[in-house]
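Descriptive analysis of the structure
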Amino acid sequence: MPAAWLVLPTYNEAENIERIVRAALPELATAAPDHHILVVDDGSPDGTGEIADRLAAELEPVEVLHRSAKEGLGRAYLAGFERALASGADLVLEMDADFSHNPKDLPRLIEASSDADLVLGSRYVPGGGVTDWGLFRRLLSRGGSWYSRMVLGVPVRDLTGGFKCFHRETLEKIDYRKMHADGYGFQIELTYRAIKAGLRVKEVPIVFRDRQEGTSKMTARIALEAVWKVPALRARGRSYTF
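Throughout what follows, the structure given in this document is the object of discussion. (Residues numbered from 1 in each chain as written. Predicted model: local features only at pLDDT ≥ 70, side-chain atom pairs only at ≥ 80, totals over all residues. Heavy atoms only, no water.)

1. Digging into the overall build of the protein chain
The secondary structure content of the protein chain amounts to 8 helices and 9 strands. Judged by the C-alpha coordinates and their principal axes, the protein chain covers about 45 × 40 × 35 Å. The buried share among the 242 residues of the protein chain stands at 53%. Within the protein chain, counting contacts between residues at least 6 apart in sequence, those at least 24 apart form 80% of the total. As presented, the protein chain carries roughly 10500 Å² of accessible surface, and 53% of it is formed by carbon and sulfur atoms. Between the mean site of the 32 positive side-chain charges and the mean site of the 34 negative ones, the protein chain shows a separation of 8 Å. (Helix = DSSP H or I, 4+ residues; strand = E, 2+ residues; numbered from the N terminus. Buried < 20%, exposed > 50% of the residue type's maximum accessible area, 1.4 Å probe, protein only. Contact = heavy atoms within 4.5 Å. Areas by Shrake-Rupley, 256 points an atom, 1.4 Å probe, with all protein chains shown as cover. Lys, Arg positive; Asp, Glu negative; His and termini not counted. Charge placed at Lys NZ, Arg CZ, Asp CG, Glu CD.)

2. Observations concerning the packing of helix α3 (residues 73–86) against helix α7 (residues 183–196)
Think of two packed helices as two axes; the pair is described by the angle between the axes and how far apart they sit. Interaxial distance between α3 and α7 falls to 8 Å at its minimum, and their mutual angle equals 45 degrees. Here α7 runs oblique to α3, going by the angle between their axes. Contacts from L73, G74, Y77, L78 and F81 of α3 reach α7 at G183, F186, Q187 and L190. Class assignment of the residues belonging to the contact of α3 with α7 gives a composition of 6 nonpolar, 3 polar and no charged. (Axes fitted to C-alpha atoms, helices over the stretch in contact; angles between N-to-C directions. Parallel < 35°, antiparallel > 145°, perpendicular 65-115°, else oblique. Nonpolar A, V, L, I, M, F, W, Y, C, P; charged D, E, K, R; others polar.)

3. Considering the packing of aromatic side chains
According to the stated counting rule, one finds 7 aromatic pairs in the structure shown. Consider the rings of Y192 and Y240, whose centres lie 6.2 Å apart with planes at 55 degrees: the pair is tilted. A residue pair is termed long-range when its members are at least 10 positions apart, and Y192 in helix α7 and Y240 in the segment after α8 (220–237) qualify at 48 residues. Comparing Y192 with Y240 shows no difference in burial state: the two are buried. (Phe/Tyr/Trp six-rings, centres within 6.5 Å; stacked < 30°, edge-to-face > 60°.)

4. Quick notes on the sheet that holds strand β1 (residues 4–10)
The strand order β3-β2-β1-β4-β7-β5-β8 describes an open sheet built from 7 strands, whose pairing is mixed. In this open sheet, the two edge strands, each paired with only one partner strand, are β3 (62–66) and β8 (201–205). On average, adjacent strands in this sheet sit at an angle of 20 degrees to one another, irrespective of strand direction. With 4 bridges connecting them, β1 and strand β4 (residues 91–94) associate as parallel partners. Paired with A4 across the strands is L91, a residue of β4. Sheet strands touched by α3: β1, β2 (35–41), β3, β4 and β7 (164–167). Its angle to β1, the strand with the most contacts, is close to 150 degrees. (Pairing = 2+ DSSP bridges.)

5. Overview of the pairing of β4
Alternating positions in β4 separate into two faces, L91 and L93 on one and V92 and E94 on the other, with burial throughout. Of the strand pairs in this sheet, β4 and β7 are connected by 4 bridges, and their pairing is antiparallel. Bridging across to β7, V92 finds its partner in F166.

6. Brief notes about the pattern of salt bridges
Tallied over the full model, the rule gives 16 salt bridges. Each member of the salt-bridge network shares a partner with another, and the members are E18, R22, R54 and E58. (Salt bridge = Lys/Arg side-chain N within 4 Å of Asp/Glu carboxyl O.)

7. Details of the packing of helix α1 (residues 17–31) against helix α2 (residues 48–58)
Running from N to C, α1 and α2 cross one another at 30 degrees; their axes reach a closest spacing of 9 Å. Our pair here, α1 against α2, has a crossing hand that is right-handed. Touching I17, E18, V21 and R22 of α1 are T48, I51, R54, L55 and E58, all from α2. Taken together, the residues of the contact of α1 with α2 break down into 4 nonpolar, 1 polar and 4 charged. (Left-handed = near helix turned anticlockwise from the far one by under 90°.)

In C-alpha cells, the structure reads:
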C-alpha cells in the first residue's frame, strides 16, 4: 500500500487545526494504512504551531514543520512537498486546514489516484459545487477558472482548487521546485505543468464549504493577481521541457 502524506499549511488556524487533524486521520487510515499528516505552520502568532506540536506529541502520524515567517501558500506547500518526499511519501495530498475541503473526501482522491497521476477535488464538474459563498465570490472563482482554462487551452474545469493528490513521480516529473506562482496562481501552475508534461489529470467532484471558524486569507487582490499571471504562465509553458 502506498505511503500517503497530507500537507496542511497553516497561518492563524488555532480554531481549526486540532479538529481538522483529528477528522482527517481516520479518513486517511481507511485508504492508506501508512499515512501521515504534515502541518506546515508559518509562524502563526495565534498559537497554531504550539497546538500542532501538542498533536504531534500525542499522535504518531502527525508531524510539524515550523517556518519562521509567512511567505505565502505556495512556498509553504513546496516546503511540505520537500519534507514529505524526503520522508518516503508515495502519494502527497494537499488540503485547506479550515474545513473548506471535507476530510471525508480524502479516500476518494486516494482511490482515484490508482489510474491518474494527479487527482483534483473539483467544484465544477457534475456532482461538485460550493456552499456558503456570496455571488461575488462565486463569480470570481468560476470566472477565474474559466479564464485560465481558455488562456491556457486546457480541459480541466477547476484550475484554482487546492484539494489535490499527487503521485511522487508526478511532483518529480513537473519539477515542483521551479514553481513561480503563489496562492490561486500556484494551484493553476501545478495542474498546468502536469498537463504540459503529458500526465493523466482526473477531476473528482467535491462540495466546497466556506470556512466556519477563523478569518479567510483569500482576497480579491490575490485572486485577480493569479488571473494577471496566467498569460505569463502560458508563455513559460512553451519552454517547459520534461
